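Residue strings, one per chain:
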Amino acid sequence: MKPAALWPDHLLPAHHVPPPWPGRNVRLDGTVTYVRDTPATAPGAEPALYVHGLGGSSQNWTDLAGLLADRLDGQAIDLPGFGRSEPGRRYTVPAFADRVVRWIEHSDRGPVHLFGNSLGGAVTVRVAALRPDLVRTLTLISPALPFLDFRRSLQGRMLPLLAIPRGERLAAWRLAQLAPEVMAQQVMEACIADLTRISEQRRLEAVEEIRIRYEVAHYAAAYVRTFRGLVSSFLRSYLPGTGSLWRLAAGVRAPTLVVGGRLDRLVDVRVAPQAARVIPDSRLLLLDGVGHVAQLEVPRTVARAVLALLAEASPAGSPPGGDRTSAAQPRIVAERPEGQASELIAETGESGRRRDMAG
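What counts and how
Residues numbered from 1 in each chain as written. Predicted model: local features only at pLDDT ≥ 70, side-chain atom pairs only at ≥ 80, totals over all residues. Heavy atoms only, no water. Helix = DSSP H or I, 4+ residues; strand = E, 2+ residues; numbered from the N terminus. Buried < 20%, exposed > 50% of the residue type's maximum accessible area, 1.4 Å probe, protein only. Contact = heavy atoms within 4.5 Å. Areas by Shrake-Rupley, 256 points an atom, 1.4 Å probe, with all protein chains shown as cover. Salt bridge = Lys/Arg side-chain N within 4 Å of Asp/Glu carboxyl O. Polar contact = N/O pair within 3.5 Å; in protein donor to acceptor, adjacent residues only side chain to side chain. 1 Å grid on protein atoms, 1.4 Å probe; cavity = no way out; pocket = protein on both sides within 12 Å on 5 of 7 lines; lining within 4 Å. Points joined across faces, edges and corners; volume = space filled by probe spheres on them. Nonpolar A, V, L, I, M, F, W, Y, C, P; charged D, E, K, R; others polar. Axes fitted to C-alpha atoms, helices over the stretch in contact; angles between N-to-C directions. Parallel < 35°, antiparallel > 145°, perpendicular 65-115°, else oblique. Left-handed = near helix turned anticlockwise from the far one by under 90°. Phe/Tyr/Trp six-rings, centres within 6.5 Å; stacked < 30°, edge-to-face > 60°. Lys NZ or Arg CZ within 6 Å of the ring centre and 35° of its normal.

1. Quick look at the overall build of the protein
Within the protein, the regular secondary structure consists of 13 helices and 10 strands. Per-residue burial over the protein gives 59% buried out of 359 residues. Across the protein, every contact between residues at least 6 apart in sequence was considered, and the portion connecting residues at least 24 apart equals 78%. Of the roughly 14600 Å² of accessible surface on the protein, 54% is carried by carbon and sulfur atoms.

2. Details of the pattern of salt bridges
Going through the model one piece at a time under the given rule, you end up with 19 salt bridges. Salt-bridge contacts for Lys2 lead to Glu312; the nearest nitrogen and oxygen are separated by 2.3 Å. Here the residue Lys2 occupies a position in strand S1 (residues 2-3), and Glu312 occupies one in helix H12 (residues 299-313), the gap between them amounting to 310 residues. Residue Lys2 is classed as partly exposed on the basis of its relative accessible area, which comes to 33%. Judged by its relative accessible area of 42%, Glu312 is partly exposed. One salt bridge connects Asp73 with Arg109, and the closest N-O pair in it is separated by 3.8 Å. Within this pair, whereas Asp73 is found in strand S5 (residues 72-77), its partner Arg109 is found in the loop between helix H2 (93-107) and strand S6 (112-117), the two being separated by 36 residues in sequence. Using a relative accessible area of 29% as the deciding quantity, one classes Asp73 as partly exposed.

3. Considering the side chain of Arg300
Residue position: Arg300 is located in helix H12. Overall, Arg300 belongs to the buried group, its relative accessible area being 8%. Only 2.8 Å separates the side chain of Arg300 from the backbone oxygen of Pro13, close enough to count as a polar contact.

4. Some words on empty space enclosed by the protein
Applying the stated rule across the entire model yields 3 cavities of 30 Å³ or more. Here the second largest cavity is characterised by a volume of approximately 70 Å³. Taken together, Gly55, Gly56, Ser57, Gly81, Phe82, Gly83, Glu209, Ile212, Arg213, Val216, His218 and Tyr219 make up the full set of residues lining the second largest cavity. Sorting elements by how many residues they give to the lining of the second largest cavity places helix H7 (residues 200-215) first, with 3 residues. Partitioned by chemical class, the residues of the lining of the second largest cavity number 4 nonpolar, 6 polar and 2 charged.

5. Focus: the layout of surface pockets
Approximately 250 Å³ is the volume found for the second largest pocket. Considering the residues around the second largest pocket, the lining is formed by Asp29, Thr31, Pro80, Pro87, Gly88, Arg89, Arg90, Ala95, Phe96, Asp98, Arg99 and Arg102. Looking at the lining of the second largest pocket, the element that brings in the most residues is H2, giving 5 residues. Of the residues belonging to the lining of the second largest pocket, the class tally is 4 nonpolar, 2 polar and 6 charged.

6. Focus: the packing of H2 against helix H3 (residues 119-130)
Each pair of packed helices can be described by the angle between their axes along with the distance between the axes. At their nearest, the axes of H2 and H3 sit 9 Å apart, and the two run at 65° to each other. Relative to H3, the element H2 lies roughly perpendicular. The two elements H2 and H3 cross, and the hand of that crossing is right-handed. In this structure, H2 uses Val93, Pro94, Phe96, Ala97, Val100 and Val101 to contact H3, whose residues at the interface are Leu119, Ala122, Val123, Arg126 and Val127.

7. Thoughts on the packing of aromatic side chains
Evaluation of the coordinates by the stated rule reveals 8 aromatic pairs. The interplanar angle of 45° and the centroid separation of 6.1 Å between the aromatic rings of Tyr219 and Tyr223 together place this pair among those described as tilted. Residue Tyr219 and its partner Tyr223 are located together in helix H8 (residues 219-236), separated by 4 residues, close to a single helical turn. The class of Tyr219 is buried, set by a relative accessible area of 5%. In this structure an aromatic cluster arises from ring pairing among Phe82, Tyr91, Phe96, Tyr219 and Tyr223. A cation sits over an aromatic face here: Arg84 above Tyr34, 5.5 Å from the ring centre.

8. Details of the side chain of Ser233
Looking at the secondary structure, you find Ser233 in helix H8. Residue class for Ser233 comes out buried when judged on its relative accessible area of 5%. Discounting residues that sit within four places of it in the chain, Ser233 has contacts with Val93, Pro146 and Leu245.

Structure, rendered in structure tokens:
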């Protein structure tokens, strides 16, 4: 593990708030997977795939994918049962990983630069460990890798729901009691440390995403069963056997960036440093004042770290997409004192906030 570096900010596209990227339905293995495309804006861009977290959707990647579009030809998928994808048969980390693998094979774009947030982090770790031929680099943002102290997560309040027979019915009833605007606000408050960083456009999109959930009968069951599957994977990771997510993480060989927010309220903040210690070729970026979805809250900072990863992983020593960055060098902002875990602490105070606000 080593500290992450940041690509020069002035080499990123000028600030703007892109609209949601176009989406389409793709029938894969008998069910519909919804895919958003972020087309490359420069020649030589390499394929990328973005995987959202529990309760999220492909829309969570709009800002980051836009910032990386002159380096990466991006696609973001809705996992089965979420966003606009049809429900799946199983809601487990292995089942979701199989869907990601099938999509990469179906699209014939591999190997890809693979991104995962939260649940998507656990899913992409499994993909990278078991199918290294499909992964060029791996970026994990607040990955939901195993931890056992659920007092460190707001999701711990949901644990009793898993013990109730057909708990998804209770979840559906609870959803029906809240207006979409109220639910969207609660979700953002749980995921984002500083809501002033989120534009009005993104807020309206979040409300629309909630409305979609209310219109489909399968969403509550998909959410509860996915949460149950994730908790089961956590417990199995501390037992003997080959299915441990931590043992799989130790087998990842792709160059990896791990990003964590110090104000994450959903995943234990100790998980990101642990993931970076376990994954052999890893870089760690810890962000002060940032929550669970850094790609939404501070997309420019995350994009700079990704570009530095691409520069390091590229045979030519610079990201794909042209010569204008060939002489640039990433820089390390700050490191911990000697003897502590190596990590980067990027500024996300007032000066950084003005750059990173999505509005």
